[in-house]
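Here's the letter readout for the chains.
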Amino acid sequence: CSAIDAVRLWDEIAGSKEDIESRLGKSADVLCYPFGDYNESVIHAVRSAGYNAAVTTQRGLVEPGANPYLIKRVPIKGKTKPLSFIVKVCTDYERRKEMRRALNYPHGNGIYSPIES
């Protein structure tokens, strides 16, 4: 998405929102960036198209005051057991994972493979 021209970007974002809303008869308020691909132009288009929020592929918890167009995720898979689910979303587990990742990649930009568990 971040490598296309402005006209096509608008068509993809606003056009797909209109299609979804007309087919479902409900408002589409949240977008998931395809493959986690976004930049400032994409975020601006998403906001302008009327989305209230957007989800990235970046791992982590959503903190108070976070940008609603850069929502992080907590990976929950089909094999995730109920106790693991609770640990991931109700403890500092994700923050510790993020700190370990920062220590392992001190010069990184925070981008990592969404396949990472």
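Quantities reported herein were computed from a predicted structural model and do not represent experimental measurements. (Residues numbered from 1 in each chain as written. Predicted model: local features only at pLDDT ≥ 70, side-chain atom pairs only at ≥ 80, totals over all residues. Heavy atoms only, no water.)

*Asks:* Any details on the environment of glutamate 21? Residues and values, ideally.
*Replies:* Tracing the sequence through the fold places glutamate 21 in helix H1 (residues 6-24). Not counting chain neighbours up to four residues away, the residues in contact with glutamate 21 comprise Lys26, Ser27 and Ala28. (Helix = DSSP H or I, 4+ residues; strand = E, 2+ residues; numbered from the N terminus. Contact = heavy atoms within 4.5 Å.)

*Asks:* Pulling in residues and values, what's your account of the sheet that holds strand E1 (residues 30-32)?
*Replies:* One open sheet accounts for three strands, arranged E1-E2-E3; its pairing is parallel. Since the sheet does not close on itself, it has two edges, and those belong to E1 and strand E3 (71-73), each with one partner. With strand direction ignored, the average angle separating the axes of adjacent strands in the sheet is 40 degrees. One ladder, built from three bridges, connects E1 with strand E2 (residues 53-59); its direction is parallel. In the sheet register, valine 30 faces E2, and the bridge partner there is alanine 53. (Pairing = 2+ DSSP bridges. Axes fitted to C-alpha atoms, helices over the stretch in contact; angles between N-to-C directions.)

*Asks:* Explain the environment of tyrosine 33 to me, and be specific about the residues and the numbers.
*Replies:* Structurally, tyrosine 33 can be placed in the loop between E1 and helix H2 (40-48). As a C-alpha pair, tyrosine 33 and leucine 70 span 37 residues in sequence and 9.4 Å in three-dimensional space. Among residues more than four places away in sequence, those in contact with tyrosine 33 are Tyr38, Val42, Ile43, Val46, Ala54, Val55, Thr56 and Tyr69.

*Asks:* Got a sec to walk through the packing of aromatic side chains? Specific residues and values, please.
*Replies:* All chains considered together, the criterion is met by one aromatic pair. We note lysine 17 situated over the ring of tyrosine 51; from NZ or CZ to the ring centre the distance is 5.1 Å. (Phe/Tyr/Trp six-rings, centres within 6.5 Å; stacked < 30°, edge-to-face > 60°. Lys NZ or Arg CZ within 6 Å of the ring centre and 35° of its normal.)

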